[in-house]
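Architecture and fold: a report
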Amino acid sequence: MPETPQAAIVPQRRHGASIGQPLTRRDGLLKVTGQARYAADNHPPGMLHAVLAVSSIARGRVTFLDVAAVTPENRPPLAQDPDAKLDPLMFRLDVLQNDRVRYAGQPIAVVIAETLEAATGAAALMSPRYEAEPPRVGLDGGDSFIPPAIGVGTPPEMRRGDVEAGLAAAEHQIEAIYETPAQYHNAMEPHAIVAAWDGERLSLDMPSQGLAWGQARIAGLFGIPPENILIRSPFLGGGFGSKGMVSGPQVLGILAARLVGRPVKLVLRREQMYGPVSHRGPTRQTLRLGADRQGALTAIHHHVRTATSSFDDFFEPSVQVSHTLYASPAIATTAEAVRLETGTPGFMRAPGEASGSIALESAIDEMAQAIGMDPLEFRLKNYAEVEPISGKPFSSKALRECYAQGAARFGWAGRPVAPRQMRDESGLLVGWGLGTATFPAIMFQGQARAVLRRDGTGLVELGAQDMGQGAWTALAQIAADSLGLELEQLEFRAGSSDLPDAGIAGGSSHTATAGMAIHGAGAEVIAKLAELAMGDEASPLFAAGNAGVLARGGRLYRRDDETRSESYADILSRAGLAEIEGRGSAGGDPFAEKPYAMYAHGAVFAEVKVDPELGQIRTMRLVGAFAAGTIINPQLVRSQYYGGMIWGVSFALHERAVLDPRSGRVMNPNLAEYHVPVNADVPSLEAILVEEHDPHVNALGIKGVGEIGITGSAGAVANAVWHATGVRVRRFPIRIEDLLIPATH
Ligand code: MOS
């Protein structure tokens, strides 16, 4: 991998302050030495192996299976209909409820055997016969309808101002259609479960981005109390949204264990991850933009046509980016959808923002070109000072600084406005592109528990999830500060459903939610401790009263006189307490109306090189400048941004599920043919952490960093390809053949 420059500013470690330190991840050694235990690494005594048999047709009925296995006929009953949808965030599941086939790759039976080989072999010998019906495939495969909502509760149509009038009055107009394909998460770790029943108690090893949600879902399906279910998920090998909800195959693993009365392991094979475990739905987006002579936008109309399954309702909310990114007196967003024979799409890597921003950022680039303006200047001209669709103030927005710092670092000044103007010494075309990044700053509800012990150590525990982003480290840093302890004095427990519910590792919300819950729990401990000390005549803190105290390095200090302090241990000893406990909770309904528009922002600058004869595209470098409030750990945050930027390259140039229109099957369900970037595809990456203080998002000022990186980068790469070649490709990913101009005719 090319060099990855680190930012010049590495904060010095301040005594007693863990937040802000660029610590390496605490689980790193376990992972690189193979000691981190993932779900499928578990082998309880007596465990059997279960393997799915999946449908080779996309629509119809299974009429015959030539083997004894778990099928709709003999599978144990469930307490709840897996097709029930009790809240908008509940996804319907395929768990052998009947003989209907709703998409290719749907589980049709589960084979259980003593060995994985026997189960795999038997699953291949089932000779299913089907009554097949023609599947609906592709965005023109079905009749369109207007969905009740897109994403989570966003109205399918939103308007501000008069778009038609704005377009009519415009000096410059563009209308363009952009297409994004179905994409699959492809986490390195497949969905897996090891399920063991003990009477009405259930213990599960399964990767989960949402332990409490998973517990509640399984409790509902099996009719047992949530506290009877223990989910252990210490590590995830990636999730990208696909492990936020319990998946059908995981429920099948639990059913199999129920049936045989022994622990059962079920692990999906790579190709089985292209059906029942979610994906990003395809989109066709129409952008109509108007701008006046000076380059001010007069209208934005963003329309999305997307696809969902025949039996559930999730709609990729691509148009949301147009609510927030650019100022315009008139904005309209509209949506339509078709039902297809596909597994239900769901949350995947900036759902909505990723697919929507590559389209909007391309259209913005096209408009800048139509006006003859530099794309950065055009974006600054249309900078949104308040959220355009709502008129709400932003809680904070350092996007201008992102543009400025990113442009300076990249060397954007002097970029020729016209395309196909730059070549390198070997004759390759060189192009520079820009994309604006944005992602909402949200919080779910979360709780945490903190304990301070008389020996001067502390404990913080909560059901947080580390899907690879570094939660074990960042949250422990917040925990250490919340108790005024050094990291080494702190025991940090997470990743298990018997701990307080810490919300989900999704929506880029986890550090804010779990972090604020920890912050609250630690604050309660310190408040109790201070009360003990201040009420005790023997304490140097006696009657510190209104001045209050500071907690740092295992001691409480008087704020008005820091020479007077006492150790936590002494305070607890004198009070005759072995330990003191605090609880914290944070967050709320992430989708409820708020007085501020709350987003992280960024600007990504890309350089690509294109071979003028062969059309080969290579991303050379990406410089992203992001402002996301308080940065808990700059090293881990930079890693998050790098990951997002790489997924942006992937969106622009690599990822695409290819569907066979006759069978409805994904034809490239493997990592050889479904392309994701390998090291050789990854450019030089630089992430600038732009300073931003947000007094409104939460008391620590934390926004999310997990998903924003993909949003600006995909458009930046696409725009750089145009700038290199002069060819505007509007169907993603951009492929070699899109750039080949036929020599004849
Ligand atoms: Mo993410 S798509 O919210 O895991």
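1. Regarding the overall build of the protein
Looking only at helices and strands, the protein features 15 helices and 26 strands. For 745 residues, the compact-globule estimate of 2.2 N^0.38 gives 27 Å, and the protein sits close to it at 27 Å. C-alpha extents for the protein along the principal axes are approximately 95 × 70 × 50 Å. Here the protein holds 745 residues, and the buried ones make up 61% of them. Within the protein, residue pairs in contact and separated by at least 24 positions form 80% of the contacts whose partners lie at least 6 positions apart. As displayed, the protein has an accessible area near 27900 Å², and 52% of this comes from carbon and sulfur atoms. Here the protein contributes 67 positively and 81 negatively charged side chains, and the mean placements of these two sets differ by 1 Å.

2. Some thoughts on empty space enclosed by the protein
Going through the model one piece at a time under the given rule, you end up with 5 cavities of 30 Å³ or more. One number sums up the size of the largest cavity: a volume of about 250 Å³. If you trace the largest cavity, you find 20 residues lining it, with Phe91, Pro276, Val277, Ser278 and Thr344 closest to the centre.

3. Topic: the sheet that holds strand S19 (residues 490-493)
Ordered by their spatial adjacency, 4 strands build an open sheet running S19-S18-S17-S23, and the pairing between neighbours is mixed. If you trace the sheet from one side to the other, it starts and ends with S19 and strand S23 (579-586), each paired once. The average undirected angle you get between the axes of adjacent strands in this sheet is 15°. Note that strand S17 (residues 446-453) and S23 share 8 bridges and pair antiparallel. The residue bridging Ala450 from the neighbouring strand is Gly582, located in S23. Contacts from helix H10 (residues 471-483) reach S17, strand S18 (458-461) and S19, with the element oriented near 135° to S19. Against the sheet, helix H11 (residues 510-534) touches S17, S18, S19 and S23, its axis set at about 145° to S23.

4. Focus on the pairing of strand S24 (residues 599-610)
Where burial is concerned, most of S24 is hidden: 12 out of the 12 residues are buried. Residues Tyr599, His601, Ala603, Phe605, Glu607 and Lys609 of S24 are buried on one face, and the alternating residues Ala600, Gly602, Val604, Ala606, Val608 and Val610, pointing to the opposite face, are buried as well. As paired strands, S24 and strand S25 (residues 617-627) are joined by 10 bridges and run antiparallel to one another. Bridge assignment links Val610 to a residue of S25, and that residue is Ile617. Between the end of S24 and the start of S25, which pair antiparallel, lie 6 residues, with Gly615 showing a positive phi angle near 75°.

5. Describing the packing of aromatic side chains
Counted under the stated rule, the structure contains 19 aromatic pairs. Centroid distance Phe444 to Phe591: 6.1 Å. Interplanar angle 85°. Geometry classified as edge-to-face. One end of the pair, Phe444, is in the loop between strand S16 (429-440) and S17; the other, Phe591, is in the loop between S23 and S24, with 147 residues separating them in the sequence. Residue classification places Phe444 among the buried positions, given a relative accessible area of 10%. Chaining the aromatic ring pairs together yields one cluster made of Phe410, Trp412, Trp432 and Phe605. Positioned over the ring face of Phe64 is Arg129, at 4.3 Å from the centre of the ring. The side chain of Lys397 reaches across the aromatic face of Tyr383, ending 4.2 Å from its centre.

6. Quick word on the sheet that holds strand S9 (residues 201-205)
If you walk across this open sheet you meet the 6 strands as S4-S1-S11-S8-S9-S10, and the pairing is mixed. The outermost strands of the open sheet, each flanked by one partner alone, are strand S4 (107-113) and strand S10 (229-232). The mean angle between the axes of side-by-side strands here comes to 20°, regardless of whether they run parallel or antiparallel. Where S9 and S10 come together, 4 bridges link them in parallel fashion. Directly across from Leu204, in S10, lies its bridge partner Ile231. In the packing of helix H4 (residues 211-222) onto the sheet, contacts are made with strand S8 (192-198), S9 and S10, and the angle to S10 comes to roughly 140°.

7. Concerning the packing of helix H7 (residues 353-371) against helix H14 (residues 708-725)
The N-to-C vectors of H7 and H14 enclose an angle of 40°; their axes lie 8 Å apart at closest approach. Classified by the interaxial angle, the pair formed by H7 and H14 is oblique. When you trace H7 past H14, the crossing you get is right-handed. For the pair H7 and H14, contact is made by Glu353, Ala354, Ser357, Ile358, Glu361, Ser362, Asp365 and Gln369 and by Ile710, Thr711, Ala714, Gly715, Ala718, Asn719 and Trp722, respectively. Here the contact of H7 with H14 is composed, by residue class, of 6 nonpolar, 6 polar and 3 charged.

8. Some remarks on the confidence of the model for the protein
When pLDDT is averaged across the protein, the result is 95; 97% of the residues are at 70 or more. Taken as a whole, residues 1-15 scores under 50 in pLDDT and shows 28 contacts with residues more than four places along the chain or in a different chain.

9. Things to note about the pattern of salt bridges
With the rule as written, the count across this model stands at 52 salt bridges. A salt bridge links Asp83 to Arg102; the shortest N-O distance between them is 2.9 Å. In this pair, Asp83 sits in the loop between strand S2 (60-64) and strand S3 (100-101) while Arg102 sits in the loop between S3 and S4, placing the two residues 19 residues apart along the sequence. Take Asp83: its relative accessible area is 22%, and that puts it in the partly exposed class. Since its relative accessible area comes to 14%, Arg102 is described here as buried. The residue Arg735 makes a salt bridge to Asp738 at a minimum N-O spacing of 3.9 Å. Of the two residues, Arg735 and Asp738, neither departs from the other in class, the shared state being buried. Salt bridges linked by common partners bring Arg449, Arg453, Glu461, Glu491, Arg493, Glu581 and Arg583 together as one network.

10. Observations regarding H10
Here H10 spans 18 Å end to end across 13 residues, near enough to the 18 Å set by a 1.5 Å rise per residue. Most of H10 sits out of view: 12 of its 13 residues are buried. By the burial criterion, the buried members of H10 are Ala471, Trp472, Thr473, Ala474, Leu475, Ala476, Gln477, Ile478, Ala479, Ala480, Ser482 and Leu483. Here the buried face of H10 lies against S17, S18, S19, H11, helix H12 (568-575) and helix H13 (634-653). Just past H10, the residue Gly484 takes up positive phi, approximately 65°.

Scoring rules and cut-offs
Every chain is numbered independently, its residues counted from 1 as its sequence is written. The predicted nature of this model means local features are confined to residues of pLDDT at least 70 and side-chain atom pairs, given and counted, to a pLDDT of 80 or more, with totals for whole chains, interfaces and linings taken over all residues. Excluding hydrogens and water, the side-chain values take into account all heavy atoms of the structure. A run of DSSP states H or I qualifies as a helix once it reaches four residues; a run of E qualifies as a strand once it reaches two. Both are numbered from the N-terminal end. For the radius of gyration, the atoms used are the C-alpha atoms, and the globule rule reads 2.2 Å times the number of residues raised to 0.38. Only protein chains enter the area calculation, which uses a 1.4 Å probe; residues under 20% of their type maximum are buried, those over 50% are exposed, and those in between are partly exposed. The criterion used for residue contact is that any of the two residues' heavy atoms lie within 4.5 Å. Per-residue and other accessible areas follow the Shrake-Rupley method at a 1.4 Å probe size, with only the shown protein chains counted as cover for residues. For the purpose of counting charges, residues Lys and Arg are taken to be positive, whereas Asp and Glu are taken to be negative. His and the chain ends are not included. The location of each charge is read from NZ of Lys, CZ of Arg, CG of Asp or CD of Glu. Two kinds of site are reported from a 1 Å grid over the protein atoms alone, namely cavities, where a 1.4 Å probe fits but cannot get out, and pockets, open sets with protein on both sides within 12 Å along at least five of seven lines, and residues are called lining when an atom falls within 4 Å of a point. Grid points are joined across faces, edges and corners, and a volume is the space filled by probe spheres set on the points. Strand pairing is assigned whenever DSSP detects at least two bridges linking the two strands. As a rule, the C-alpha atoms of each element are fitted with a line to give its axis, helices using only the stretch in contact, and angles between N-to-C directions run from 0 to 180 degrees. Aromatic pairing here means that ring centres of Phe, Tyr or Trp (its six-membered ring) are within 6.5 Å. Orientation follows from the plane angle: under 30 degrees is stacked, over 60 is edge-to-face, and everything else is tilted. Our definition puts a charge over a ring when NZ of Lys or CZ of Arg is within 6 Å of the ring centre and also within 35 degrees of the ring normal. The cut-offs work like this: below 35 degrees is roughly parallel, past 145 is roughly antiparallel, 65 to 115 is roughly perpendicular, and the gaps in between are oblique. Definitions for this section: a left-handed crossing has its near helix turned counterclockwise from the far helix by less than a right angle. A right-handed crossing has that turn clockwise. The residue classification treats Ala, Val, Leu, Ile, Met, Phe, Trp, Tyr, Cys and Pro as nonpolar and Asp, Glu, Lys and Arg as charged. All others, Gly included, are polar. As a per-residue measure, pLDDT reflects the predictor's confidence and takes values from 0 up to 100. Salt bridges are identified by distance alone: a Lys or Arg side-chain nitrogen within 4 Å of an Asp or Glu carboxyl oxygen. By definition here, a helix of n residues has an expected span of 1.5 Å times n minus one.

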